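Given next are the chains, with one letter for each unit.
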Amino acid sequence: MKAIRRFTVRPVLPDTLRPLTDLARNLRWSWHEPTRELFDSLDPDPDPALRPGARRGGDVDPVRLLGSVSADRLAELAADQDFLARLRAAAEDLDHYLHAPRWYQEQNGHLPASVAYFSPEFGVTAALPQYSGGLGILAGDHLKAASDLGVPLIGVGLLYRHGYFRQSLSREGWQQEHYPVLDPGELPVCLLREPDGTPARVTLALPGGRSLHAHIWTAQVGRVPLLMLDSDVEENASAEREVTDRLYGGGSEHRLLQEMLLGIGGVRAVRTYCRLTGTPAPEVFHTNEGHAGFLGLERIRELAGDGPHGKGLDFDAALETVRAGTVFTTHTPVPAGIDRFERSLVARHLGEDGELPGVDVGRVLALGDETSLGGEHGLFNMAAMGLRLAQRANGVSTLHGAVSREMFAGLWPGFDPEEVPIGSITNGVHAPTWTAPEVGRCSEGADDRELWELRRTLREQLVTEVRERLRASWRQRGAAAAELGWTDSVLDPDVLTIGFARRVPSYKRLTLMLRDPDRLRALLLHPERPVQLVVAGKAHPADHGGKRLVQELVRFADDPRVRHRIVFLPDYGMAMARKLYPGCDVWLNNPLRPLEACGTSGMKAALNGCLNLSVLDGWWDEWFEPDFGWAIPTADGAAATDEERRDDLEAAALYELIERRVAPRFYDRGADGVPAGWTEMVRRTLGDLGPRVLADRMVREYVERLYAPAARAHRALAPDAARALADWKGRVRGAWPKVAIDHIEIGEVGEDLADAELGATTAVRVRVALGELRPDDVEVQAVAGRVTPDDALVDTRVCALKPAGGADLEGRVPYEGSLVLDRTGPFGCTVRVLPAHPLLASAAELGLVALPTEATGEGAGVLLR
């Protein structure tokens with residue numbers, strides 16, 4: 001028989017053990033080693049289901065653990081003075097962590113009172129499986145680093161009753177998905193309740209008079225509350241109850257409802273949480289990828305209404321207010337990775353019969369229009385909406401910022417991609433979460449032997465972990481215990497170990513290593529310098545191409561000739577990763593450049609002294625140095641456009657690097673048996689690269705470069721200022737077609753610019769027709785830089801020109817300024833007119849620019865050669 005409902009019966013803790021409840025409910029234990037060790041000692045023989053790798057330092061699940069400890073054991077602990085002393089110390093430490101001032105509280109300036117951070121997934125701990133991959137892990141690390149720094153963040157997401165899928169393999173190596181039911185009563189979350197004890201909830205209106213209700217669960221991530229909306233509410237109809245069933249599951253309408261609940265419902269959940277707890281209302285809203293973009297529409301609805309956040313603003317003024325306080329982060333390097341919905345579906349759900357009655361649905365649809373990006377008229381683009389609703393936007397590495405500016409340049413017509421207002425903040429990872437305790441205890445002055453022995457210890461732990469997981473996987477695949485004796489000799493703690501673990505979309509190229517199977521086998525079985533590979537990864541359930549890649553890798557690893565040197569571990573997740581990163585000597589990453597937005601797995605490996613072997617993409621393009629690892633060359637020219645040729649070339653380069661550079665350095669031992677060259681690279685990785693990849697650095701940059709300016713912009717837009725800015729933008733857009741550059745003069749009369757010398761200055765004079773605009777509505781600029789063979793300006797700098805008198809009889813205003821010839825070689829300049837207003841975050845914000853025409857004076861600019 002099967003239970004039709006499950007719940008947890010918790011023991012009554014003795015008074016002296018009551019602090020265990022607070023420690024278990026705050027997820028700080030997931031990155032605080034003393035608290036983890038305290039729970040490790042709670043039950044000397046735990047149920048393996050409570051802790052992945054229970055005896056191997058995996059994440060304990062304190063909430064479930066407390067629900068299973070026997071009364072006799074609790075009585076024993078209540079009398080154990082050593083345990084009670086450790087418990088008191090942990091409780092006092094948590095209290096100090098939660099309430100003492102931290103970095104944020106010590107900063108000067110008017111920082112945001114709070115920041116709401118929205119993401120479709122959060123990877124905080126394996127005990128709260130609400131993540132699928134890098135986006136969720138990054139969001140979890142963002143929350144943890146914000147907590148450590150004292151940043152007043154409020155996380156907002158969904159509580160998926162099945163989480164992401166669990167992965168296993170068939171006998172033939174085909175990926176299989178399982179969706180275990182997650183009971184919130186067994187998770188480290190609490191239901192948010194009204195003062196009368198009833199569950200707090202938010203409600204969305206659906207077409208046809210239906211409603212979508214959701215409860216709000218809170219997880220405490222150190223100092224940061226994480227709000228998760230759950231549609232499994234009795235008042236909902238069956239379809240609505242299933243809205244939060246699976247992460248990235250269901251069809252188009254299902255996904256739309258998830259994203260409406262995350263964005264619109266998420267804002268309402270934040271308002272409810274602040275009302276019930278007295279937490280300051282957010283001044284900044286951070287949209288982590290486009291899934292949560294509807295939050296801007298809810299805030300527009302609020303500002304237009306007469307509720308507690310209403311200002312009586314019209315759509316345009318409300319839009320300006322929302323934009324001022326919104327940050328949008330894109331993680332997507334390809335258009336295919338962006339969520340799109342049929343415009344008719346969006347209109348039906350957000351129109352008069354849906355969630356946003358009174359809001360012009362035509363204006364809403366225009367926010368998601370993708371035709372300027374070369375997309376389809378009938379589709380609503382979530383990233384386009386996210387960018388239009390945010391005054392500040394960023395990619396997640398320097399290279400990804402450049403890719404994003406190219407990809408979204410159509411939203412700012414007339415501007416070169418480098419001027420598109422999308423910056424970059426390179427991702428980071430949370431060191432206390434991802435650094436092995438043994439690495440954390442290693443002193444900065446460790447000598448070569450100590451580092452080498454540390455690496456060997458971590459490798460040995462990984463070998464033990466791999467053998468146990470591999471046996472479990474084969475049992476799931478139908479093998480009998482008697483068939484699995486060979487797993488006792490899988491991997492060798494003294495062999496160079498390379499790790500590769502990530503999601504399995506095609507661009508990450510899981511099987512590039514299999515391009516030449518014979519050559520890979522030769523590397524694995526080399527008589528003097530063998531290599532071993534640990535591989536893991538999940539393909540999306542609907543991605544059959546990805547599943548075929550997994551099967552191809554599994555079948556190769558099943559070969560009795562090499563199965564002791566290469567393994568595929570199913571069900572890659574946080575618990576596995578915490579052993580995998582420290583235990584590998586080299587972390588492999590071979591995506592198609594530039595399709596890896598950041599690629600933080602290599603950062604986690606680096607924190608543990610693991611060297612990177614990667615294509616120059618994402619963060620590795622930015623921070624690669626030969627001291628930290630190796631760069632896999634990428635094909636260019638004609639070879640880059642031929643997929644087969646490209647993969648052949650890059651795979652060959654990978655094999656060559658491993659065979660001729662990586663393995664020889666690992667096995668080049670001195671008389672003491674220590675590879676001094678290798679340990680020096682480990683030392684440089686830990687000491688020089690480690691500090692750069694930290695989430696603390698990342699969150700500080702978000703605070704200083706995005707959150708603080710957004711808060712200032714938000715405060716500057718009081719209702720009257722918002723109306724005035726919206727009116728000004730409307731006036732400028734209407735008048736812009738009549739703005740024109742009528743004449744350009746470069747240099748003085750008789751001056752021969754062909755003989756110009758470095759450091760000289762020359763005059764620039766232009767006449768500009770402003771139509772109905774005033775000179776203070778615009779900025780006139782000279783733009784100068786190097787000139788390419790096709791006359792494009794690159795490496796430009798801008799010089800503002802000033803009005804030099806009143807308008808002439810034809811209404812043209814003269815402008816002039818001086819241009820410094822500050823570089824040698826081909827040099828050129830042009831002139832342009834841009835809208836100007838003190839409340840604009842960027843000159844490109846309106847996407848308006850007036851440039852010279854062929855009939856203007858000396859043409860579209862001047863070339864100095």
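Remember, it's a predicted structure, so these values are computed and weren't measured experimentally.

Draft legend 1. Quick look at the overall build of the protein chain. In terms of regular secondary structure, the protein chain is built from 27 helices and 27 strands. A compact globule built from 865 residues would reach a C-alpha radius of gyration of about 29 Å, and the protein chain, at 30 Å, matches this within 12%. Overall size of the protein chain, expressed as C-alpha extent along the three principal axes, is 95 × 70 × 50 Å. Across the 865 residues of the protein chain, 57% fall into the buried class. By sequence separation, contacts in the protein chain at least 24 residues apart represent 73% of the contacts at least 6 residues apart.

Draft legend 2. Spatial organisation of the packing of aromatic side chains. Counted by the stated rule, this structure contains 17 aromatic pairs. Their ring planes at 80 degrees and their centres at 5.8 Å tell us that Trp434 and Tyr581 sit as a pair that is edge-to-face. Residue Trp434 is found in helix H15 (residues 431–434), and its partner Tyr581 is found in helix H20 (residues 574–583); the two are separated by 147 residues along the sequence. Each of the two residues, Trp434 as well as Tyr581, counts as buried. Between Phe666 and Tyr667 the ring centres are 4.9 Å apart and the planes differ by 80 degrees, which places this aromatic pair in the edge-to-face class.

Draft legend 3. View of the pattern of salt bridges. Scanning the entire structure with this criterion turns up 65 salt bridges. Between Arg519 and Glu656 there is a salt bridge whose closest N-O contact spans 2.9 Å. With Arg519 in helix H18 (residues 517–524) and Glu656 in helix H24 (residues 643–667), this pair connects stretches of sequence that are 137 residues apart. Under the relative-accessibility criterion, Arg519 is labelled partly exposed at 23%. Of the charged contacts, one joins Asp559 and Arg561 as a salt bridge, the two residues approaching to 2.7 Å between their closest N and O atoms. Salt bridges sharing partners connect three or more residues here, namely Arg161, Asp230, Asp232 and Arg241.

Draft legend 4. Up close: the nonpolar core. Counting residues in each nonpolar core, the largest one holds 96 residues, and the members touching the most others are Phe118 and Phe294. If sequence neighbours within four positions are ignored, Phe118 has contacts with Val156, Leu262, Gly263, Gly266, Val267, Val270, Phe285, His286, Thr287, Asn288, Ala292 and Leu295. Membership of the second largest hydrophobic core comes to 49 residues, among which are Leu512, Val550, Leu611 and Trp630.

Draft legend 5. Fine view of the packing of helix H10 (residues 315–324) against helix H27 (residues 719–735). Interhelical geometry of H10 versus H27 gives an angle of 110 degrees and a closest axis separation of 8 Å. Taken together, the axes of H10 and H27 are roughly perpendicular relative to one another. Residues Asp316, Ala317, Glu320, Thr321 and Arg323 of H10 lie in contact with H27, whose contacting residues are Ala722, Arg723, Leu725, Ala726 and Lys729. Residues belonging to the contact of H10 with H27 are distributed by class as follows: four nonpolar, one polar and five charged.

Draft legend 6. Focus on helix H19 (residues 544–558). Between its first and last C-alpha, H19 extends 21 Å over 15 residues, near the 21 Å set by a 1.5 Å rise per residue. Among the residues making up H19, those that are buried are Gly546, Lys547, Leu549, Val550, Gln551, Leu553, Val554, Phe556 and Ala557. Residues of H19 that are buried make contact with strand E3 (166–169), strand E4 (175–178), H18, strand E16 (531–536) and strand E17 (566–569). A distance of 3.3 Å separates the backbone nitrogen of Gly545 from a side-chain oxygen at the start of H19, and that oxygen is part of Asp543.

Draft legend 7. Representation of the sheet that holds E17 within the structure. The strand order across the open sheet formed by six strands is E17-E16-E15-E18-E19-E20, and the pairing between neighbours is parallel. The open sheet is flanked by E17 and strand E20 (629–632), the only strands paired with a single partner. Between one strand and the next, the sheet's axes are offset by a mean angle of 20 degrees, whatever the strand orientation. Pairing between strand E19 (residues 611–615) and E20: four bridges, direction parallel. Its bridge partner being in E20, Asn612 is matched across the sheet by Gly629.

Draft legend 8. H24, seen in detail. An ideal rise of 1.5 Å per residue puts 36 Å on 25 residues; H24 measures up with 34 Å between its terminal C-alpha atoms. Of all the bends in H24, the greatest, near 40 degrees, is centred on Ile658. Sitting at the head of H24, Asp642 places a side-chain oxygen 3.2 Å from the backbone nitrogen of Glu644.

Draft legend 9. Quick peek at the side chain of Lys547. Counting through the fold element by element, Lys547 comes out in helix H19. Side-chain polar atoms of Lys547 contact the side chain of Glu177, separated by 3.0 Å.

Draft legend 10. Summary view of the packing of helix H6 (residues 134–149) against helix H26 (residues 695–716). Axis separation between H6 and H26 bottoms out at 9 Å; the angle between their running directions is 80 degrees. In terms of orientation, H6 and H26 fall into the roughly perpendicular class. Contacts between H6 and H26 involve Leu138, Asp141, His142, Ala145, Ala146, Asp148 and Leu149 from the former and Ala695, Asp696, Met698, Val699, Arg700, Tyr702 and Tyr707 from the latter. Residue classes in the contact of H6 with H26 are distributed as nine nonpolar, one polar and four charged.

Draft legend 11. Structural view of the pairing of strand E10 (residues 326–329). Of the two faces of E10, the one carrying Thr326 and Phe328 and the one carrying Val327 and Thr329 are both buried. Here four bridges tie strand E9 (residues 284–288) to E10, and the two strands are oriented parallel to one another. Considered in E10, the bridge of Thr287 is made with Phe328. Across three bridges, E10 lies against strand E13 (residues 392–395) in parallel orientation. Across the sheet, residue Thr329 finds its bridge partner in E13, namely Asn394.

Calculation rules
- Along each chain, the written sequence defines residue order, and numbers are assigned to residues from 1.
- In keeping with the predicted nature of the model, local features appear solely for residues at pLDDT of at least 70, side-chain atom pairs appear and are counted solely at 80 or more, and the whole-chain, interface and lining totals rest on all residues.
- Hydrogens and water molecules were not included; the side-chain quantities draw on all heavy atoms of the structure.
- A run of H or I in DSSP counts as a helix once it spans at least four residues, and a run of E counts as a strand once it spans at least two, with each numbered from the N terminus.
- C-alpha atoms define the radius of gyration in this analysis, and the globule rule sets the expected value at 2.2 Å times the number of residues to the power 0.38.
- Classification of residues uses two cut-offs on accessible area relative to the type maximum, computed with a 1.4 Å probe and protein chains only: under 20% is buried, over 50% is exposed, and between them is partly exposed.
- We call two residues in contact whenever any of their non-hydrogen atoms come within 4.5 Å of each other.
- In summary, the pairing rule links any two rings of Phe, Tyr or Trp, Trp by its six-membered ring, whose centres are within 6.5 Å, and it sorts them by plane angle into stacked for under 30 degrees, edge-to-face for over 60 and tilted for everything else.
- Take a side-chain nitrogen of Lys or Arg and a carboxyl oxygen of Asp or Glu: if they are within 4 Å of each other, that pair is a salt bridge.
- In plain words, nonpolar cores are sets of buried Ala, Val, Leu, Ile, Met, Phe, Trp, Tyr and Cys residues tied together by side-chain atoms within 4.5 Å.
- Note on method: axes are straight lines fitted to C-alpha atoms, helices fitted across the in-contact stretch only, with angles between N-to-C directions ranging 0 to 180 degrees.
- Here the angle decides the label: under 35 degrees means roughly parallel, over 145 means roughly antiparallel, 65 to 115 means roughly perpendicular, and every other value means oblique.
- Each residue is assigned to one of three groups, with Ala, Val, Leu, Ile, Met, Phe, Trp, Tyr, Cys and Pro labelled nonpolar, Asp, Glu, Lys and Arg labelled charged, and all others, Gly among them, labelled polar.
- One less than the number of residues in a helix, times 1.5 Å, gives the span that helix is expected to have.
- The definition of a polar contact used here is a pair of N or O atoms within 3.5 Å, where within protein one atom must be able to donate a hydrogen and the other to accept one, and adjacent residues in sequence count solely through side-chain atom pairs.
- When DSSP finds two or more bridges between two strands, those strands count as paired.
- Fitting axes to the seven residues ending at a residue and to the seven starting there, one defines the bend at that residue as the angle between these axes.

Everything listed here is a matter of geometry and, on its own, says nothing about what the molecule does.
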